[in-house]
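# Survey of secondary and tertiary structure
Spelled out, the chains give:
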Amino acid sequence: MIADTETKPSSVLTTAPDFGATGLPQWYQDLQRSAWEASSALPLPKRTDEPWRFADLKRAAALEAFQTAASLDEATVKGLIVRSSKLEKTSGKFVFANESLAYADRPEADGLICLPLAEAVEKHAQLLQEHFMTQDATLGSEKFAQLHKSRAKSGLFIYVPAGVEITLPIEAYHWVSGENSSVFPHTLIVTGENSKVTVVDYYGSASESEAGLSCAVVDLVAGRGSKLRYVACQSLSTTSSNIHISSTLASADADVKSLQVQIGSAWSRTESVSHLSGKGANSDMLSVSVPSSKQQVDQRTLQHHGEAHTTSDLLYKNALYDQSRSVFAGLIKVDVGAHYTDAYQTCRNLLLSDEAEANSMPGLEINADQVKCSHGSTSGPITDEDVFYFNARGIPTETAKQLITYGFAAEVFGKLKHEAIEAMVGQLVEEKFRQLS
Amino acid sequence: MSIEISDLKVNIGDQPIIKGLNLTFPKGEVHAIMGPNGSGKSTLAKVISGHEDYEVIGGKITMDGVDLLEMEADERSREGLFMAFQYPHEIPGVTNANFIRAALQARLPKGEELDAVAYYKQLYAEMDKLEMDRKFTGRAVNEGFSGGEKKRNEILQMAMLKPSYAVLDETDSGLDIDALKVVSEGVNRMRSPERGFLVITHYQRLLDYIVPDVVHVMKGGKIIRSGDKSLALELEERGYDWVLDETAA
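Parameters at a glance
- Residues numbered from 1 in each chain as written.
- Chains lettered and ligands numbered in written order.
- Predicted model: local features only at pLDDT ≥ 70, side-chain atom pairs only at ≥ 80, totals over all residues.
- Heavy atoms only, no water.
- Helix = DSSP H or I, 4+ residues; strand = E, 2+ residues; numbered from the N terminus.
- Rg over C-alpha atoms; globule rule 2.2 N^0.38 Å.
- Buried < 20%, exposed > 50% of the residue type's maximum accessible area, 1.4 Å probe, protein only.
- Contact = heavy atoms within 4.5 Å.
- Areas by Shrake-Rupley, 256 points an atom, 1.4 Å probe, with all protein chains shown as cover.
- Lys, Arg positive; Asp, Glu negative; His and termini not counted.
- Charge placed at Lys NZ, Arg CZ, Asp CG, Glu CD.
- Axes fitted to C-alpha atoms, helices over the stretch in contact; angles between N-to-C directions.
- Left-handed = near helix turned anticlockwise from the far one by under 90°.
- Nonpolar A, V, L, I, M, F, W, Y, C, P; charged D, E, K, R; others polar.
- Patch = residues over 30% accessible without salt bridge, like charges linked within 9 Å, V, L, I, M, F, W, Y side chains within 5 Å.
- Salt bridge = Lys/Arg side-chain N within 4 Å of Asp/Glu carboxyl O.
- Expected span 1.5 Å × (residues − 1).
- Pairing = 2+ DSSP bridges.
- Buried area = accessible area lost by both parts, 1.4 Å probe.
- Polar contact = N/O pair within 3.5 Å; in protein donor to acceptor, adjacent residues only side chain to side chain.
- pLDDT = per-residue confidence, 0-100.
- 1 Å grid on protein atoms, 1.4 Å probe; cavity = no way out; pocket = protein on both sides within 12 Å on 5 of 7 lines; lining within 4 Å.
- Points joined across faces, edges and corners; volume = space filled by probe spheres on them.

## Details of the overall build of chain B
In terms of regular secondary structure, chain B is built from ten helices and twelve strands. In terms of C-alpha radius of gyration, chain B reaches 18 Å, essentially the compact-globule figure of 18 Å for 249 residues. C-alpha extents for chain B along the principal axes are approximately 60 × 40 × 35 Å. The buried share of chain B, taken over its 249 residues, is 52%. Within chain B, contacts between residues separated by at least 24 positions form 67% of all contacts whose residues are at least 6 apart in sequence. When the accessible surface of chain B is split by element, carbon and sulfur atoms take 46% of a total near 11,000 Å². Looking at charge distribution, chain B has the averaged site of its 30 positive side-chain charges lying 3 Å from that of its 41 negative ones.

Right under this line is the structure:
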């Protein structure tokens, strides 16, 4: 057993972080320490855990191999900064490489706070204490959420005061570099009354040949009447692991649209929760994944309607190539008294190979009246009739299939109604197609 | 210069649908095929355009002397054949403009890019003629289109692709009279000595607007009678049974 402890001295899963070494304020260190205790006390997911049905548990167990990310040399960091250039026009851009801030173009607006997490915990302790990880992870990844909390030091805290509109998107890049390196990027966005902001997170690997881990938590706290758009683009190396735990808390008349784009990683587990907590609140939950080879996407969602007159609309699409695999488990939960709820949930899987596999588990739990709810899930290949219409116009079958698949995906990201982001995501999808053909 | 169909025999599964059909329609002419339901009209359209569900067990189809049956559907289209679908397919997420653009791009030599500016100019011009709103360029192909909008969209594609031969399968179905006029005018504008049309219809009504040079009556998988446009009027008046009776006699 001695050999065992020697071979895994720095596993992020089993070794306590060096809390003091971060130099972060004491209150935050204390919070991280108790999160670590909570995380280590929780077991790894088991076959009998309902939230892990159909999941690849070997992948969750293999997270033990990941270690704390090392600091990077200047050349590597420079290279990553150069690669951090997705959107042409932004109001701010931040690049984190192995959790260290490598570049910052700070957005400026009246009263806007947009800071790397490590700075925010210093300067805005009160706001952070009020909002930082106040939503418990309830869809299976409690252990990993606590693990994240015990280690989070990179990512952004964004606070948009009442009435402030940030027109161009704010971008954050989260790079992981080194074999078995891990990063724990955090995103916390708090919007004041009638404010407006769009934020894009990118999760990427420095090298396609290295396996890394990104274990991110994203909390969107949308104030009354605010408009919040959030995009997570995951294109980690195809041997990497990804955990993305996100929550949306929408107050009265808040309108939140969030989009997950999944291109890379061997295994990606996403858990997304929307709490609709005020009359007129809306949350659109969008996701598009293009897994190939043996990639797996594992998606768990909850649309929780806690108040009357709230709406949510979920559209998850997976275009599955080769021997890839998807799991979708979604629940719409309408609380007692949450009358006049409109909640929709759709999962569509396009099977582009006979060996691809899609599992869908939609669910409804309705405890109120005058509710409009629907859920649906479909899985199937591109039909001959689809292709024939293209062929009849002279378009070859291969091109037809690519256009159909692109269209399948584009229908999702078109719903953001943001031209520049649509084009950027479209490019990511097309790049994936090029790798496949 | 024509499409020539000789002794064509087609099965769906074990079921014979087309049973030794002969038909020639040359460039510069409009031929109409009329016939009762189940006569094999739509099957003929699909077989000409290359749909794989239909098994050709005998006969030949040539286009300007080239064997069509040896070609895939997309090759036939690029060679100059067009079919307007009875039920145009919906393609979620692919915009109309991108779809037609891909069709034109497929006709260019490898490495050559379609001129986007010229393309949109032409697209808008053709849409205006068909009284189609510009918003249809950005909408997903046929998705949520009304019956009339779908048929206009078929004619738009034909106008953009400029085929040598066009087969219109029940283009009048689902159209109100205004849409029927617009669609027919679209077809009539394209009539030329360089282009042949085969118009498949159940009703004579369409042929008031697209006046045919030749009318064929199809029944039981064969052409049983051919004549000029007056044959269509006679069919409208007397139904199909008299042709069958005469043929039997």
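## Some details on the packing of helix H9 (residues 397–413) of chain A against helix H10 (residues 419–436) of chain A
All names here are of chain A. As a packed pair, H9 and H10 sit with axes 10 Å apart at the nearest point and diverge in direction by 150°. Of the two possible hands of crossing, H9 and H10 adopt the one that is right-handed. Contact with H9, carried on its side by Gln402, Thr405, Tyr406 and Phe413, involves Glu422, Val425, Gly426, Val429, Glu430 and Phe433 of H10 and no other residues of that element. Of the residues belonging to the contact of H9 with H10, the class tally is five nonpolar, three polar and two charged.

## Quick notes on the environment of A:Leu320
All names here are of chain A. Relative to the elements of secondary structure, Leu320 occurs in strand S17 (residues 311–320). Between the C-alpha atom of Leu320 and that of Val297, which follows or precedes it by 23 residues, the distance is 9.7 Å. Setting aside residues up to four positions removed in sequence, Leu320 forms contacts with Pro291, Arg325, Ser326, Asn349, Leu350, Leu351, Leu352, Ser353, Ala356, Glu357 and Ala358.

## Some words on the environment of A:Thr311
Within the secondary structure layout, A:Thr311 lies in strand S17. Contacts of A:Thr311, omitting those with residues within four sequence positions, involve A:Leu276, A:Ala281, A:Asn282, A:Ser283, A:His305 and A:Asp342.

## Observations regarding a negative patch on the surface
Residues A:Asp384, A:Glu385, B:Glu52, B:Asp53, B:Glu72, B:Glu75 and B:Glu79 make up a contiguous surface patch of negative charge. Tracing the backbone through its elements, the reader meets B:Glu72 in the loop between strand S5 (66–67) and helix H2 (73–78).

## A closer look at H9(A)
With 17 residues, H9(A) should cover 24 Å at 1.5 Å per step; its first-to-last C-alpha distance of 25 Å lies within 8% of that length. When we look at burial in H9(A), the residues that qualify are A:Ala400, A:Ile404, A:Thr405, A:Gly407, A:Phe408, A:Ala409, A:Ala410, A:Val412 and A:Phe413.

## Section: the packing of helix H8 (residues 384–391) of chain A against H9(A)
Residue and element names in this part refer to chain A. H9 packs onto H8 with a crossing angle of 115° between their chain directions and a minimal axis gap of 9 Å. Remark: the crossing between H8 and H9 carries right-handed chirality. On H9, the residues touching Asp386, Val387, Phe390 and Asn391 of H8 are Thr397, Ala400, Lys401, Leu403 and Ile404. Across the contact of H8 with H9, the residue classes tally to five nonpolar, two polar and two charged.

## Some thoughts on the sheet that holds strand S10 (residues 196–201) of chain B
Residues and elements named next belong to chain B. What the six strands build is an open sheet, ordered S6-S9-S10-S3-S11-S12; its pairing is mixed. Strands at the two margins of the open sheet, each flanked by one partner only, are strand S6 (81–84) and strand S12 (222–227). Geometrically, the sheet is characterised by an average inter-axis angle of 20° between neighbouring strands, direction not taken into account. Together, strand S3 (30–34), S6, strand S9 (165–169), S10 and strand S11 (214–219) form the strand contacts of helix H1 (residues 41–49), whose direction differs from that of S6 by roughly 145°. Across the sheet, helix H9 (residues 230–238) is in contact with S3, S11 and S12; its angle to S11 comes to roughly 45°.

## Topic: the sheet that holds strand S2 (residues 15–26) of chain B
Residues and elements named next belong to chain B. The antiparallel open sheet is built from four strands, whose spatial order is S2-S1-S4-S5. The open sheet is flanked by S2 and S5, the only strands paired with a single partner. As defined by bridge partners, strand S1 (residues 2–12) adjoins strand S4 (residues 55–63) across seven bridges and the pair is classed as antiparallel. Bridge pairing links Ile5 to Ile61 in S4. Running at roughly 115° to S1, H1 makes contact with S1, S2 and S4 of the sheet.

## Points about the interface of chain B and chain A
Listed per partner, the contact involves 29 residues of chain B and 18 residues of chain A. Carbon and sulfur atoms supply 65% of the area that chain B and chain A bury against each other, a total of about 1,800 Å² over both sides. On the chain B side of the contact with chain A, B:Phe85, B:His89 and B:Phe99 bury the most area, a combined 27% of that side's loss. Linking chain B with chain A are one salt bridge, by the criterion used here. The shortest N-O distance in the salt bridge between A:Arg393 and B:Glu154 comes to 2.7 Å. Our enumeration of links across chain B and chain A arrives at 14 residue pairs in polar contact (both at pLDDT 80 or more). For the side of chain B that touches chain A, the secondary structure elements donating two or more residues are H2, S6, strand S7 (91–95), helix H3 (96–105) and helix H6 (147–161) of chain B.

## What to know about the confidence of the model for chain B
Overall, the predicted model of chain B reaches an average pLDDT of 92, with 98% of residues at or above 70. H2(B) holds the highest mean pLDDT among the elements of chain B, 97, whereas helix H10 (residues 241–248) of chain B holds the lowest, 70.

## Observations concerning empty space enclosed by the protein
All names here are of chain A. Evaluated as defined, the whole model comprises four cavities of 30 Å³ or more. When its volume is computed, the largest cavity comes out at roughly 100 Å³. Lining the largest cavity are 14 residues, with Tyr230, Ser246, Ser258, Gln260 and Ser272 sitting closest to its centre. For the lining of the largest cavity, the elements supplying multiple residues, two or more each, are strand S12 (241–250), strand S13 (255–262), strand S14 (267–276) and strand S15 (282–289). Here the residues of the lining of the largest cavity sort into seven nonpolar, seven polar and no charged.

## Describing the layout of surface pockets
Of the pockets and cavities examined, the largest pocket occupies roughly 1,500 Å³. A:Leu403, A:Tyr406, A:Glu430, B:Val94 and B:Asn98 are the residues nearest the centre of the largest pocket, which is lined by 40 residues in total. Counting only elements with at least two residues in the lining of the largest pocket, the list comes to H9 and H10 of chain A together with S7 and H3 of chain B. Its residues placed into classes, the lining of the largest pocket shows 14 nonpolar, 13 polar and 13 charged. In this structure, the second largest pocket is lined by 28 residues; those nearest its centre are A:Ile382, A:Val387, A:Thr397, A:Glu398 and A:Lys401. Within the residue set of the lining of the second largest pocket, elements represented by two or more residues are H8, H9 and H10 of chain A together with H2 of chain B. Tallying contributions element by element places H9(A) first for the lining of the second largest pocket, with five residues. Split into classes, the residues belonging to the lining of the second largest pocket amount to ten nonpolar, nine polar and nine charged.

## Quick word on unusual backbone geometry
A positive phi angle, close to 65°, is found at A:Asn180, a residue other than glycine. Residue A:Asn180 is classed as partly exposed on the basis of its relative accessible area, which comes to 21%.

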